[in-house]
Amino acid sequence: MAERNRPGDAGDPADDEVFNDDVVADDENVADDDAEPVGRGGTAVAERSAKPKKEVRRTGFFGRIGGFFREVVSELRKVIWPTRKELLTYTSIVIVFVAVMTTIVGFLDLGLGKVILWAFGG
């Protein structure tokens with residue numbers, strides 16, 4: 001199996017520099033002050049700031065349970081609830097889909113069961 005070229009390998013086209021006379025001629029007309037360095041498309045990394053960490057307050061067992069329920073209620077307020085019409089539509093789609101899939105699986109089970117009984121003479 002042939003190995004792929006990895007960055008830094010001799011055959012990597014990303015490491016090759018290509019010079020075109022037309023591009024060089026166009027670049028000569030541009031002042032050096034206007035020239036911008038060309039990047040290689042690396043990933044930008046945000047600098048970490050030295051901000052102090054928050055003071056973590058230790059709470060008891062019931063305090064953590066209360067905090068959990070407060071967060072649950074907060075998240076549920078962000079939910080976009082479906083209208084009654086949407087809910088009925090989605091529910092009927094799910095029921096029809098499950099009925100169709102159940103029918104397909106049932107017929108496959110019946111057919112394969114008959115094939116197995118026929119094959120093994122049961």
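Residues numbered from 1 in each chain as written. Predicted model: local features only at pLDDT ≥ 70, side-chain atom pairs only at ≥ 80, totals over all residues. Heavy atoms only, no water.

**Side note on the confidence of the model for the protein**
Here is step 1: In the predicted model, the protein carries a mean pLDDT of 77, and 52% of its residues have values of at least 70.
Here is step 2: Mean pLDDT across the elements of the protein ranges from a minimum in helix α1 (residues 21-28), with 52, to a maximum in helix α3 (residues 84-120), with 97. (pLDDT = per-residue confidence, 0-100. Helix = DSSP H or I, 4+ residues; strand = E, 2+ residues; numbered from the N terminus.)

**Some words on the pattern of salt bridges**
Here is step 1: By the definition in use, this model includes one salt bridge.
Here is step 2: One salt bridge connects Lys 78 with Glu 75, and the closest N-O pair in it is separated by 3.2 Å. Separated by three residues within a single helix, Lys 78 and Glu 75 lie in helix α2 (residues 61-78), roughly one turn from each other.
Here is step 3: By relative accessible area, which is 46% here, Glu 75 ends up partly exposed. (Salt bridge = Lys/Arg side-chain N within 4 Å of Asp/Glu carboxyl O. Buried < 20%, exposed > 50% of the residue type's maximum accessible area, 1.4 Å probe, protein only.)

**Here's the deal with the UniProt feature "transmembrane region" (unreviewed entry) in the protein**
Here is step 1: Per the UniProt record, "transmembrane region" (unreviewed entry) is annotated on residues 87-108.
Here is step 2: The distance from the first to the last C-alpha atom of residues 87-108 is 32 Å, and the span holds 100% helix and 0% strand. (UniProt positions renumbered as here; feature names shortened; annotations may be inferred.)

**Structural notes on the packing of aromatic side chains**
Here is step 1: Counted under the stated rule, the structure contains two aromatic pairs.
Here is step 2: Arranged with centres 5.4 Å apart and planes meeting at 75 degrees, the rings of Phe 61 and Phe 62 form a pair that is edge-to-face. With respect to class, Phe 61 is no different from Phe 62; both count as exposed.
Here is step 3: On the basis of an interplanar angle of 70 degrees and a centroid distance of 5.4 Å, the ring pair of Phe 68 and Phe 69 is categorised as edge-to-face. (Phe/Tyr/Trp six-rings, centres within 6.5 Å; stacked < 30°, edge-to-face > 60°.)

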